[in-house]
Amino acid sequence: QMSNSSSITQFLLLAFADMRELQLLHFSLFLGIYLASLLSNGLIITAVACDHHLHTPMYFLLLNLSVLDLGSISTTLPKAMANSLWDTRAISYTGCAAQLFFFFFFVSAEYYLLTVMAYDRYVAICKPLHYGTLLGSRACAHMAAAAWGSAFLYAVVHTANTFSVPLCRGNVINQFFCEIPHILKLSCSDSYLREVGLLVVSACLGLGCFVFIVVSYVQILRAMLRIPSEQGRHKAFSTCLPHLAMVSLYVSTAMFAYLKPPSISSPVLNLVVSFLYSVVPPAVNPLIYSMRNQELKDAL
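Please read these numbers as outputs of a predicted model, since none were measured by experiment.

It is not clear to me how the overall build of the chain should be interpreted in this structure. Could you clarify?
The helix and strand tally for the chain stands at 11 helices and two strands. In sequence order, the secondary structure elements of the chain are arranged as α-β-α-α-β-α-α-α-α-α-α-α-α. By principal-axis analysis of the C-alpha atoms, the chain measures approximately 65 × 40 × 35 Å. Taking all 300 residues of the chain together, 46% fall into the buried category. Considering only intrachain contacts with a sequence separation of at least 6, the fraction spanning at least 24 residues in the chain is 77%.

Would you mind showing me how to read the UniProt feature "transmembrane region" (unreviewed entry) in the chain here?
Annotation from UniProt places "transmembrane region" (unreviewed entry) at residues 27–50, 90–114, 135–157, 196–218, 239–259 and 271–289. Helix makes up 88% of residues 90–114 and strand makes up 12%, while its end C-alpha atoms are separated by 34 Å. In residues 239–259, the share of helix is 100% and the share of strand is 0%. The end C-alpha atoms are 31 Å apart.

Whenever I open this one, the side chain of Ser-37 confuses me. Can you help?
Tracing the sequence through the fold places Ser-37 in helix α2 (residues 20–50). Among the polar contacts listed, one links the side chain of Ser-37 to the backbone oxygen of Pro-282, at a separation of 3.4 Å. Non-local contacts of Ser-37, meaning those with residues more than four positions away in its chain, are made with Gly-42, Leu-70, Ile-73, Pro-282 and Ala-283.

It is not clear to me how the packing of α2 against helix α10 (residues 267–291) should be interpreted in this structure. Could you clarify?
For any two helices packed against each other, the geometry is given by the interaxial angle and the distance between the axes. Where α2 meets α10, the closest approach of the two axes is 7 Å, and the angle between their N-to-C directions is 40 degrees. What the angle tells us is that α2 and α10 run oblique. Classified by chirality, the crossing of α10 by α2 is left-handed. Touching Phe-30, Ile-33, Ser-37, Ser-40, Asn-41 and Ile-44 of α2 are Phe-275, Val-279, Pro-282, Ala-283 and Pro-286, all from α10.

Looking at this model, I keep getting lost on helix α6 (residues 137–163). Mind explaining?
In an α-helix, one full turn covers 3.6 residues, which means residues spaced three or four apart are oriented alike. Between its terminal C-alpha atoms α6 stretches 39 Å, which fits the 39 Å expected from 27 residues at 1.5 Å a residue. Taken as a whole, α6 has its buried residues at Cys-140, Ala-144, Ala-147, Ala-151, Tyr-154, Ala-155, His-158, Thr-159, Asn-161, Thr-162 and Phe-163. In the core, the buried residues of α6 are packed alongside β1 (10–12), α3 (57–86), α4 (93–126), α7 (180–184) and α8 (192–225).

Explain unusual backbone geometry to me, please; I cannot follow it from the model alone.
A negative phi angle is the norm for most residues apart from glycine, just as the trans form is the norm for most peptide bonds. Phi at Asp-87 is positive, roughly 50 degrees, even though this residue is not glycine. When you line up the elements, Asp-87 lands in the loop between α3 and β2 (90–92).

Where do I start with α8 in this structure?
The terminal C-alpha atoms of α8 lie 49 Å apart, and with 34 residues this matches the ideal 50 Å at 1.5 Å per residue to within 8%. For α8, the complete set of buried residues consists of Glu-195, Ser-202, Gly-206, Cys-209, Ile-213, Ser-216, Tyr-217, Ile-220, Ala-223 and Met-224. Looking at the buried residues of α8, the elements they touch are α4, α6, α7 and α9 (230–259).

Would you mind going over the environment of Gly-208 with me for this structure?
On the secondary structure map, Gly-208 appears in helix α8. C-alpha of Gly-208 to C-alpha of Thr-115: the two residues are 93 residues apart in sequence and 9.8 Å apart in space.

I keep staring at the pattern of salt bridges and nothing clicks. Help me out?
Should the charged atoms of two oppositely charged side chains come close, the side chains can pair. Applying the stated criterion across every chain yields a total of two salt bridges. One salt bridge connects Asp-120 with Arg-121, and the closest N-O pair in it is separated by 3.0 Å. Residue class for Arg-121 comes out buried when judged on its relative accessible area of 7%. In this structure, Glu-230 engages Arg-233 in a salt bridge whose closest nitrogen and oxygen atoms are separated by 3.6 Å. Here Glu-230 pairs with Arg-233, and both are found in helix α9, just three residues apart, close to one helical turn.

Explain the environment of Thr-133 to me, please; I cannot follow it from the model alone.
With respect to the element layout, Thr-133 can be found in helix α5 (residues 131–134). At 2.9 Å, the side chain of Thr-133 forms a polar contact with the backbone oxygen of His-130.

The rules behind these values
Counting of residues starts from 1 at the beginning of each chain's written sequence and follows it residue by residue. At least 70 in pLDDT is required for a residue's local features to be given in this predicted model, at least 80 for side-chain atom pairs to be given and counted, and no such filter applies to totals for whole chains, interfaces and linings, which use all residues. Working from all heavy atoms in the structure, the side-chain values ignore hydrogens and water. The secondary structure listing takes helices from DSSP runs of H or I that are at least 4 residues long and strands from runs of E that are at least 2 residues long, numbered from the N terminus. Relative accessibility decides the category of a residue: with a 1.4 Å probe and only protein chains considered, values under 20% of the type maximum give buried, values over 50% give exposed, and everything between is partly exposed. By definition, residues are in contact when any of their heavy atoms lie within 4.5 Å. UniProt positions are given in the numbering used here, feature names are shortened, and annotations may be inferred rather than shown by experiment. Pairing of N or O atoms within 3.5 Å defines a polar contact, subject to two protein rules: one partner must be a possible hydrogen donor and the other a possible acceptor, and residues neighboring in sequence count only if both atoms are side-chain atoms. Note on method: axes are straight lines fitted to C-alpha atoms, helices fitted across the in-contact stretch only, with angles between N-to-C directions ranging 0 to 180 degrees. Orientation is classified from the angle alone, with under 35 degrees giving roughly parallel, over 145 giving roughly antiparallel, 65 to 115 giving roughly perpendicular, and any other angle giving oblique. By the definition used in this description, the sense in which the near helix is turned from the far one sets the handedness, with an anticlockwise turn below a right angle giving left-handed and a clockwise turn giving right-handed. A helix is expected to reach a length of 1.5 Å times the quantity of its residues less one. A carboxyl oxygen of Asp or Glu within 4 Å of a side-chain nitrogen of Lys or Arg is what we treat as a salt bridge.

Structure, rendered in structure tokens:
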């Protein structure tokens, strides 16, 4: 069984189109999205790093988020662009492993970071007098480091586990980038159940983070309703709205991708959905954050 797996030197990814004109159209579309994402996330990183007014926990976390966004979109899109441009579907075995590792790493770190950001908003609105002590620069750095570190460990374990499974069902991946469930579909033994178990554990952790975010927002809402002035309520709401919008975008696209019934599954729909949750959040995050934010606009 192992001989089959070790003889795979490359995988074939799902192509967005077979017609040359469409491939070039996809390439230019992806290039536009990618450059816009690089520019907007880069601007946020630069603004937060260079403007000392923005050296607060909220913006420090936003800077981390932008770095992760750049990482996750750079893991999937450039390869898809190259494949569209050169009319190929191939990705090398090591390239596939690297893509799987980095995608998992950036996406899970981003999700943990969104959880930390929910805590930041909770403290800012429900316990404003304790904000400095509960979320000092050191505590904030520790939380961000925990998000990065746990995601890294996580990605190592998942990648090692996925690629230790013997593969004997060809090398065609039904996805435009290397992703765990799609590689497990190529396995031929029961050893993939170990990775499925790990994914279930991950899903439970993810659910825990989600519950934490929801509970934080219930508390925030209750605190907001107690704010006497309309202006105060509006200000509190506008600092939470971007984060809430991002969490919704992130969770809804990922849930739809992984939990949709097989009956409505088609290659085209799968492509669109995977594009939604892997490319849209990192491209849209900077817009969501900078639109409502005067401080950030001033810094830019």
